[in-house]
Amino acid sequence: MSNISIIGTGYVGLSAAVCFASRGYQVIASTRSADKITQIRAQKAPFYEPALERMLSQTVESGSLKVVSDRAEAILRSDMTFISVATPNHADGSINLTYVNEACEEVGDALCDKKGYHLVVVKSTVVPGTTHAVLRPILEHAANKTAGDGFGLCVNPEFLRQGSSVHDTLHPDRVVIGEYDARSGKQLHELYDDFYSGAVPIMRMSLASAEMVKYASNSFLAMKVSYANEIAGVCERVPGVDITEVMDGVGVDPRINRKFLNAGPGFGGSCFPKDVSALMRFAESRGCTTSLLRAVLDVNTAQALHVAEQALTALGTVSGKRVALLGLAFKPQTDDTREAPALKIARKLMDAGADVCAYDPVVVKADVPGFGTLHSTRSIDECLRDADCCIIVTEWDQFKALTPGDFTRQMAAPVVIDARRIFDPVTFRSKLTYIAVGLYAPESTPRMTHTLLS
Ligand code: UGA
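Quick notes on the rules
Residues numbered from 1 in each chain as written. Predicted model: local features only at pLDDT ≥ 70, side-chain atom pairs only at ≥ 80, totals over all residues. Heavy atoms only, no water. Helix = DSSP H or I, 4+ residues; strand = E, 2+ residues; numbered from the N terminus. Axes fitted to C-alpha atoms, helices over the stretch in contact; angles between N-to-C directions. Parallel < 35°, antiparallel > 145°, perpendicular 65-115°, else oblique. Left-handed = near helix turned anticlockwise from the far one by under 90°. Contact = heavy atoms within 4.5 Å. Nonpolar A, V, L, I, M, F, W, Y, C, P; charged D, E, K, R; others polar. Pairing = 2+ DSSP bridges. Near = heavy atom within 4 Å. Polar contact = N/O pair within 3.5 Å; in protein donor to acceptor, adjacent residues only side chain to side chain. Phe/Tyr/Trp six-rings, centres within 6.5 Å; stacked < 30°, edge-to-face > 60°. Buried < 20%, exposed > 50% of the residue type's maximum accessible area, 1.4 Å probe, protein only.

What to know about the environment of L279
Point 1. Positionally, L279 belongs in helix α11 (residues 272–285).
Point 2. Taking the C-alpha atoms as reference points, L279 and M212, 67 residues apart in sequence, are found 8.9 Å from one another.

What follows is the structure, given as structure tokens:
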């Protein structure tokens, strides 16, 4: 059984680390953050991910998972190294390779001192061609060895979702391996065959194809969300049409499928916005037009603002009015607010003069930079109290259980904007003013202009 080192302890790195360790591999994770080391050694996940914390606790306790700050130590004590550091974007949306370049430099330095073959696996998301043209030369130079001879090299994109990172790591639809050469690919293939007992399809391809699979997958999923949101906008202008019914009807076709067709306030998080932008910039740098990717992002930007507009229209005069946001995280089961629609909605409402408060079951205000005047509350009731409008922004289970009475009891004016379509329109409309993404709202929707008749 191979000993594994993992550089980076974000969602991807730490999930891989605990999952390998839970199945008996000896894993050494490395991070530069002293805080994270303290937390992990104390069996605490550095971010909200409940299943991960449980497994972290077991694997640290059993000694199969260790965390160190010294990357070289992690590399020298293992047979293969997964590089799983962040690849954020530059201000123009293009990929920033600083951390992954640094990691390769350090892996190469350590390999220079190591006798014998070592497999390097790039798990970080990098634009096609990066591993071969940028990372391989860094590794070769620092290690003073050649890829395919002194060390093996693979790309292994990750498809886990935040909030279900352990489940997704243990039960993926597929494992994609990009290989520099057959020997590298075979070694990683054998690891995953052993890890999944042969139950998961393993696809082997070139390094660059594997890199592209990641971007193409995230772009497609983001496109489905923007498509649903665009159709939702049309539905809002037609009496009797409901986006949820429409997407149920559309999604039953196996060529389309129902997943990622829930209209809402737009996609957020650390992946879709970043990866679609990076692919777009990468394509442009190759002289390629990416009108579809541009549209995916444009629709997404407009969607969060549209939800804020629904609130502004419903409120009439905004000044002095209180708007309650239920949900701050970009999706349930995470405390991540990166690119969260809630923050875009809050910003627009606050700029218009509204008094905005928010409740999220796990996000604490200190984690939301730049939102000094956003009141965060400690309970749903406190958030709803005296509010003139409530927007459901994240579909946490706690919110799904709310009844119309929960709103009418607390709010000054019971106007609910269901941006996640978690409530039954008939029940809610019978008790309060209910406005929803993808549902006709006569009083707040501009009349259609009948150009054919005029
Ligand atoms: C996404 C991908 O789903 C993962 O496969 C990928 O590994 C990950 O990015 C990554 O690149 O690391 P994640 O961002 O964690 O995962 O979350 P998703 O569940 O995909 O949701 C992304 C956003 O789309 C959320 O804001 C969510 O609310 C929104 N969404 C999703 C919708 O608005 N409607 C839907 O029907 C589905």
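Some thoughts on the packing of helix α1 (residues 11–22) against helix α3 (residues 50–62)
Point 1. As a packed pair, α1 and α3 sit with axes 9 Å apart at the nearest point and diverge in direction by 50°. Taken as axis vectors, α1 and α3 run oblique relative to one another. Between α1 and α3 lies a crossing whose hand is left-handed. Seen from α1, the contacting residues are L14, S15, V18, C19, A21 and S22; seen from α3, they are L52, M55, L56 and T59.
Point 2. Here the residues of the contact of α1 with α3 are counted per class, giving seven nonpolar, three polar and no charged.

Comments concerning the side chain of N229
Point 1. Examined against the element boundaries, N229 turns out to sit in helix α9 (residues 207–235).
Point 2. Look past the residues within four positions of N229 in its chain and what remains in contact with it is A263, G264, G266, V299 and Q303.

Digging into the sheet that holds strand β14 (residues 433–436)
Point 1. Read across the open sheet, the six strands follow the order β11-β10-β9-β12-β13-β14; overall the sheet is parallel. If you trace the sheet from one side to the other, it starts and ends with β11 (375–376) and β14, each paired once.

Looking at the site of the ligand
Point 1. The environment of the ligand is formed by 20 residues, the closest being F159, L160, Q162, K214 and N218.
Point 2. Between the ligand and the protein, one listed contact pairs an oxygen atom with a backbone N or O atom of E158 at 3.3 Å.
Point 3. Measuring from an oxygen atom of the ligand, one finds a backbone N or O atom of N262 at 2.9 Å.
Point 4. Looking at the shell around the ligand, the elements that each hand over two or more residues are α9 and α11.
Point 5. Here the shell around the ligand takes four residues from α9, the largest share from any one element.
Point 6. Of the residues contributing to the shell around the ligand, the split by class is ten nonpolar, four polar and six charged.

Digging into the sheet that holds strand β3 (residues 65–68)
Point 1. Spatially, eight strands are ordered β3-β2-β1-β4-β5-β6-β7-β8 in an open sheet, and the strand pairing comes out mixed. At either end of the open sheet lies a strand with only one pairing partner, and these are β3 and β8 (202–206). In this sheet, adjacent strand axes meet at a mean angle of 25° when their direction is disregarded.
Point 2. Relative to strand β4 (residues 80–83), strand β1 (residues 3–7) runs parallel, the two being bridged by four bridges. In the strand pairing of β4, I4 is matched with M80.

Structural notes on the packing of aromatic side chains
Point 1. Using the criterion set out here, one finds 16 aromatic pairs in the structure.
Point 2. Centroid distance F20 to Y192: 6.1 Å. Interplanar angle 35°. Geometry classified as tilted. Placement of the pair is F20 in helix α1 and Y192 in helix α8 (residues 182–195), with a sequence separation of 172 residues. Like Y192, F20 is buried.
Point 3. Note on Y192 and Y196: the rings are 5.9 Å apart at their centroids and 15° apart in plane angle, and the pair reads as stacked.
Point 4. For Y192, a relative accessible area of 4% puts it in the buried group.
Point 5. Aromatic ring contacts, followed pair by pair, group F20, Y25, F82, Y192, F195 and Y196 into a single cluster.

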